[in-house]
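Residues per chain are reported as follows:
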Amino acid sequence: MTTLSFEFFPTKTDEGTEKLLAVRDKLAAYNPEFFSVTYGAGGSTRDRTYSIVKSIQERGIAAAPHLSCVGDRTADLRDILNEYQALGINRIVALRGDLPSGSGLASSELRFANELVEFIRNETGDHFTLEVAAYPEMHPQATNFEADVNNFVRKVKAGANSAITQYFFNADSYFRFVERVEAMGVDIPIIPGIMPITNYSKLARFSDSCGAEIPRWIRKQLEAYGDDSASIVKFGEEVVTDMCRRLLDGGAPGLHFYTLNQAEPSLAVWKNLV
Ligand code: FAD
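Structure report, in brief.

About the thresholds
Residues numbered from 1 in each chain as written. Predicted model: local features only at pLDDT ≥ 70, side-chain atom pairs only at ≥ 80, totals over all residues. Heavy atoms only, no water. Buried < 20%, exposed > 50% of the residue type's maximum accessible area, 1.4 Å probe, protein only. Helix = DSSP H or I, 4+ residues; strand = E, 2+ residues; numbered from the N terminus. Pairing = 2+ DSSP bridges. Right-handed = clockwise from strand over helix to strand, strands pointing away. Phe/Tyr/Trp six-rings, centres within 6.5 Å; stacked < 30°, edge-to-face > 60°. Axes fitted to C-alpha atoms, helices over the stretch in contact; angles between N-to-C directions. Parallel < 35°, antiparallel > 145°, perpendicular 65-115°, else oblique. Left-handed = near helix turned anticlockwise from the far one by under 90°. Contact = heavy atoms within 4.5 Å. Near = heavy atom within 4 Å. Polar contact = N/O pair within 3.5 Å; in protein donor to acceptor, adjacent residues only side chain to side chain. Areas by Shrake-Rupley, 256 points an atom, 1.4 Å probe, with all protein chains shown as cover. Nonpolar A, V, L, I, M, F, W, Y, C, P; charged D, E, K, R; others polar. Expected span 1.5 Å × (residues − 1). Arc of directions from axis to C-beta.

Moving on, we come to the pairing of strand E2 (residues 34–37). Along E2, one buried face is formed by Phe34 and Ser36 and the opposite face, lined by Phe35 and Val37, is buried too. Bridge analysis of strand E1 (residues 3–8) against E2 gives four bridges, and the strand direction is parallel. In the strand pairing of E2, phenylalanine 8 is matched with valine 37. Chirality of the crossover, the property in question, places the unit of E1, helix H1 (residues 14–28) and E2 among those that are right-handed. Summarising the sheet, E2 and strand E3 (residues 63–68) pair through three bridges and their orientation is parallel. Residue pairing for E3: phenylalanine 35 is matched across the bridge by alanine 63. Regarding the hand of the β-α-β motif, the stretch spanning E2, helix H2 (residues 46–58) and E3 is right-handed.

Written out as C-alpha cells, the structure reads:
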C-alpha cells in the first residue's frame, strides 16, 4: 500500500491559521496517514506547532509534530513529549534542527538526531512511532556521503521506525541511497519527501541552503520561463509527477509532500498518480 502524508509549517497569524485549516480539510479528503508540523529549532515555534498539531488531531487525523533537539534543554523536550502524549499523539518526526549560523550546537545537551531518538525512547519507551530525516543527496554539513550514511544508520539503530527524505529531483539518488542503507541492514520504510515546483527563485534559494540539487535541465527550463508562472507550475507538475511515478514503480513505500501550506500543488501531482 502506498502511504501519503503532508507537511505543514506553523502559521504566525489568525488569518494564516484559518487558511491552513481549510488546506487541512481539503487534503484530509485524500486520507493521508498523517499531517506533520515543523518545529523551529530551539523551541521558537513551540506553542504554534502545538496549536496546529492539536487542530489536526481534533479533526480526527493523525498529527506528527516535528521535534528538534539542538538548542532545547532536555527538561523542555521532556515537557513537550508529555504534552503530546496527553494529546493522544503517537508519531514524532525527530530531528537535530538548524539554529541560525550553527549557534548553540556546542552547548546543546543533545547534539544530533540519534541522541534525540535515544532520549525519546528512554523517556517514553515505544509510545511514539519515530520518523527521522534521510538525505539521498547528502546532508550539507556532512564530511562525505559515507559518513552521512553511517550517521543515518546510527539514527535507525537508536530506534527510528521510518524515515522521510529531504526533497530531490533525481529519483536515482533515492534508489542509490535506499540500496546503500539496505545493504547495511536498514529495513525501515524510507519515504521520499516531495517538493512541488511552483516558484523558481524561492526553490533555488532554498535548495542551495538545504543541499538539494536541481538538475541543470530543470533549472534551465525554469529560468527560461522567467515570470511566466503558469508555465512554471505546469512544467513543475509534469516533472514532479514523472519522478513520483518512477519512485513508486521502483518500490518507494509512499510519498510525503512538503506542502508549504498549500493544497493544490501537492494534490495536482497526487491526482496524476492515482
Ligand atoms: P542529524 O541526523 O543529527 O545530522 C546532522 C548532521 O550531523 C549530518 O551532517 C550528519 O551526517 C551529522 N551527524 C549525525 N549524527 C552525528 C554524530 N553522532 N556525530 C557526528 N556527526 C553526526 N529543521 C527544523 O529546524 N525543524 C523541522 O521541523 C525540520 N523538519 C525536517 C523534516 C525533514 C523530513 C527533513 C529532511 C529535514 C527537516 N529539518 C527541520 C531540517 C533538519 O533539521 C536539518 O537538515 C538539520 O541540519 C539536520 O537534522 P537531522 O535530524 O537530519 O540531523
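Further remarks concern the packing of aromatic side chains. Aromatic ring pairs are reported here in terms of the distance separating the ring centres and the angle at which the planes meet. Following the criterion strictly, the structure yields 12 aromatic pairs and no others. Measuring from ring centre to ring centre gives 6.3 Å for tyrosine 167 and tyrosine 258, while their planes differ by 70 degrees; the resulting arrangement is edge-to-face. Here the residue tyrosine 167 occupies a position in the loop between strand E6 (162–165) and helix H6 (171–183), and tyrosine 258 occupies one in strand E9 (residues 254–258), the gap between them amounting to 91 residues. Residue tyrosine 167 is classed as buried on the basis of its relative accessible area, which comes to 2%.

At their nearest, the axes of H2 and helix H3 (residues 74–87) sit 11 Å apart, and the two run at 15 degrees to each other. Relative to H3, the element H2 is oriented roughly parallel. Here H2 and H3 pass one another in a crossing that is right-handed. Contact residues: Arg46, Thr49, Tyr50, Val53, Lys54 and Gln57 in H2; Asp76, Asp79, Ile80, Glu83, Tyr84 and Leu87 in H3.

On to unusual backbone geometry. The residue leucine 260 is not glycine, and still its phi comes out positive at about 50 degrees. We note that asparagine 261 has phi near 65 degrees; this positive angle belongs to a residue other than glycine.

Residue placement: asparagine 114 occurs in helix H4 (residues 113–124). In this structure asparagine 114 comes out as buried when scored by relative accessible area, which is 15%. Those residues in contact with asparagine 114 that lie beyond four places of it in its chain are Arg154, Lys155 and Ala158.

Now for the site of the ligand. Contacts to the ligand come from 23 residues, most closely from Tyr39, Asp98, Tyr135, His139 and Asp148. Here an oxygen atom of the ligand and a side-chain polar atom of histidine 66 are 2.9 Å apart. The side chain of asparagine 151 places a nitrogen or oxygen atom 2.9 Å from an oxygen atom of the ligand. Protein burial of the ligand: of its 970 Å² of free accessible surface, 86% is covered by the chains. Counting residues per element, the ones that place at least two in the shell around the ligand are H4 and helix H5 (145–157). Looking at the shell around the ligand, the element that brings in the most residues is H5, giving four residues. Residues that form the shell around the ligand fall into these classes: 10 nonpolar, eight polar and five charged.

This part covers H2. Look at H2: 18 Å from first C-alpha to last across 13 residues, which is about the 18 Å you get at 1.5 Å a residue. Among the residues of H2, Thr49, Ile52, Val53, Ser55 and Ile56 are the ones counted as buried. When H2 is viewed along its axis, its buried side chains cluster within an angular range of 160 degrees and face the same direction. What points out from H2, more than 90 degrees from its buried face, is the exposed set Asp47 and Glu58. In this structure, the buried side of H2 is in contact with E1, H1, E2, E3 and H3. Following H2 by one or two positions, glycine 60 adopts a phi angle in the positive range, close to 90 degrees.

Right, let's get into the environment of leucine 99. Tracing the sequence through the fold places leucine 99 in the loop between strand E4 (91–95) and H4. We classify leucine 99 as buried; its relative accessible area is 18%.

Purely spatial values, then, with no claim about function.
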